[in-house]
Amino acid sequence: MTTDLQSPPKPSSKSRLALGGAAILVVAAALTADRLSKAWALSALADGETVPLLPGVRLQLAFNPGAAFGMGADFGPVMAVGILVILLALSSWIYWGISRGRPRWSLLLLTAAASGGWGNMYDRISRADRVPLSGTVIDMIAVDWFAIFNVADIFAVVGILAWAALHLTRRGATSGAR
């Protein structure tokens, strides 16, 4: 008895290698942009100077003890441990997905999101004083009606939103075809 159901072809090692290389480039771009922007902010904005960009948007140095947009500032290292566990799990899942040849764009968008998280985790680790993971995150992009954030936050938020949009549009296209 034969069936029309067949397993999808296994991705070649060459395509998995290309996906892994692309993921490394995303990580390198995100971490480099984040570290360079934070180093610039520490040197150029340390004296309290602000740089206007657009109405309601400016560059201004701030140190964030919390998570995204200052939330959870009172929980410090405990919150950082939770974020670290999430980052380790997400990074492991991305590695697993690359090794299995999972969909390219999905993995690259999650890689961008994880890279943003790792950029901020680097601050928490490297800027810690007495307690591990207690360091503040360097922020510098201030939007009056919203929050103050950094380049790592942009990678994390845009990566997750684009990943969600990709999956929602794929689901919508799949369910619409039925």
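Rules used in this analysis
- Residues numbered from 1 in each chain as written.
- Predicted model: local features only at pLDDT ≥ 70, side-chain atom pairs only at ≥ 80, totals over all residues.
- Heavy atoms only, no water.
- Axes fitted to C-alpha atoms, helices over the stretch in contact; angles between N-to-C directions.
- Helix = DSSP H or I, 4+ residues; strand = E, 2+ residues; numbered from the N terminus.
- Left-handed = near helix turned anticlockwise from the far one by under 90°.
- Contact = heavy atoms within 4.5 Å.
- Nonpolar A, V, L, I, M, F, W, Y, C, P; charged D, E, K, R; others polar.
- Pairing = 2+ DSSP bridges.
- Core = buried A, V, L, I, M, F, W, Y, C linked by side-chain atoms within 4.5 Å.
- Buried < 20%, exposed > 50% of the residue type's maximum accessible area, 1.4 Å probe, protein only.

(A) The packing of helix α1 (residues 13-44) against helix α3 (residues 104-126), seen in detail. Where α1 meets α3, the closest approach of the two axes is 9 Å, and the angle between their N-to-C directions is 35°. Here the hand of the crossing between α1 and α3 comes out right-handed. Across the interface between the two elements, Ser-15, Ala-18, Leu-19, Ala-22, Ala-23, Val-26, Val-27, Ala-30, Leu-31, Asp-34, Arg-35 and Lys-38 of α1 pack against Arg-104, Leu-107, Leu-108, Thr-111, Ala-112, Ser-115, Trp-118, Gly-119, Asn-120, Tyr-122 and Asp-123 of α3. Residue classes in the contact of α1 with α3 are distributed as 13 nonpolar, 5 polar and 5 charged.

(B) Structural detail: the sheet that holds strand β1 (residues 50-54). Judged by pairing direction, the sheet is antiparallel, and its 4 strands sit side by side in the order β1-β2-β3-β4 without closing on themselves. A single partner strand is all that each edge strand has here, and the edge strands are β1 and β4 (148-149). In this sheet, strand β3 (residues 137-143) lies alongside strand β2 (residues 57-64) in antiparallel orientation, the contact comprising 6 bridges. Each residue of the ladder has a partner; that of Val-57, found in β3, is Val-143.

(C) Region of interest: the pairing of β1. Pairing geometry for β1 and β2, over 4 bridges, is antiparallel. Looking at the pairing, Pro-52 lines up with Arg-58 of β2. The hairpin turn running from β1 into β2, its antiparallel successor, is 2 residues long, and Gly-56 in that turn takes a positive phi close to 85°.

(D) Spotlight on the nonpolar core. Grouped together as the largest cluster of nonpolar side chains are 10 residues: Ala-41, Leu-45, Val-57, Leu-59, Leu-61, Ile-138, Met-140, Ile-141, Val-143 and Phe-149. Taken together, the elements giving at least two residues each to this core come down to β2 and β3. It is β3 that contributes the most residues to this core, 4 residues altogether. Counting 8 residues, the second-largest nonpolar core is a separate cluster that includes Leu-107, Leu-108, Leu-110 and Ala-114.

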